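The residues making up each chain are set out below.
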Amino acid sequence: MYFIGLAVGAVFALAIYWLIKQNKQITWWQWLIAILATLALFAAVQHFYGSLAENDTKAAWVGMGIFGVIAVILGVVDWRLIAGNKEKA
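Being a predicted model, the structure only gives us computed values, none of them experimental. (Residues numbered from 1 in each chain as written. Predicted model: local features only at pLDDT ≥ 70, side-chain atom pairs only at ≥ 80, totals over all residues. Heavy atoms only, no water.)

Undergrad: For this particular structure, what's the right way to read the UniProt feature "transmembrane region" (unreviewed entry) in the chain?
TA: Under the present numbering, the feature "transmembrane region" (unreviewed entry) in UniProt falls on residues 6-21, 28-49 and 61-82. Annotation note: span residues 28-49, helix share 100%, strand share 0%, distance between end C-alpha atoms 32 Å. Taken as a whole, residues 61-82 contains 100% helix and 0% strand, while its terminal C-alpha atoms sit 31 Å from one another. (UniProt positions renumbered as here; feature names shortened; annotations may be inferred. Helix = DSSP H or I, 4+ residues; strand = E, 2+ residues; numbered from the N terminus.)

Below, the structure is given as structure tokens:
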């Protein structure tokens, strides 16, 4: 299960590397949206596996859908906001 944290850390490291390479400037609220999207993704995975452990497959898929959609929407919105940012001077 710790591989999920390792994967998220690698994705954040690659994202920061990409931002530095593209010379993009990010505001604090764009970081906040990215963190909220990551937390929603963690909540989706945790709820899914927790519900499956209790043999409640319908709750697992419903919770995964709700938290997953929130994570995807926040992630896409943040990605579009960051992609539209101007480069640093």
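Undergrad: Explain the packing of helix 1 (residues 2-22) against helix 2 (residues 28-53) here, please?
TA: To characterise two packed helices, one gives the angle between the axes of the helices and the distance between these axes. Between helix 1 and helix 2, whose axes approach to 12 Å, the crossing angle comes to 160°. With respect to helix 2, the element helix 1 is oriented roughly antiparallel. The way helix 1 lies across helix 2 gives a crossing that is right-handed. Between helix 1 and helix 2, the residues in contact are Ile-4, Val-8, Phe-12 and Ile-16 and Trp-31, Ala-34, Thr-38, Phe-42 and Val-45, respectively. Broken down by class, the residue content of the contact of helix 1 with helix 2 amounts to eight nonpolar, one polar and no charged. (Axes fitted to C-alpha atoms, helices over the stretch in contact; angles between N-to-C directions. Parallel < 35°, antiparallel > 145°, perpendicular 65-115°, else oblique. Left-handed = near helix turned anticlockwise from the far one by under 90°. Contact = heavy atoms within 4.5 Å. Nonpolar A, V, L, I, M, F, W, Y, C, P; charged D, E, K, R; others polar.)

Undergrad: Please explain the packing of aromatic side chains as it appears in this structure.
TA: The relative placement of two aromatic rings is captured by the distance of their centres and the angle of their planes. Under the counting rule described, the total for this entry stands at three aromatic pairs. Where Trp-18 meets Trp-79, the ring centres are 5.3 Å apart and the plane angle is 25°; that geometry is what we call stacked. Of this pair, Trp-18 sits in helix 1 while Trp-79 sits in helix 3 (residues 57-83), and the two are 61 residues apart along the sequence. For Trp-18, a relative accessible area of 30% corresponds to the partly exposed category. Its relative accessible area of 52% is what places Trp-79 among the exposed residues. For the pair Phe-48 and Trp-61, a centre-to-centre distance of 4.8 Å together with 70° between the ring planes defines the contact as edge-to-face. With Phe-48 in helix 2 and Trp-61 in helix 3, this residue pair connects regions lying 13 residues apart in the sequence. (Phe/Tyr/Trp six-rings, centres within 6.5 Å; stacked < 30°, edge-to-face > 60°. Buried < 20%, exposed > 50% of the residue type's maximum accessible area, 1.4 Å probe, protein only.)

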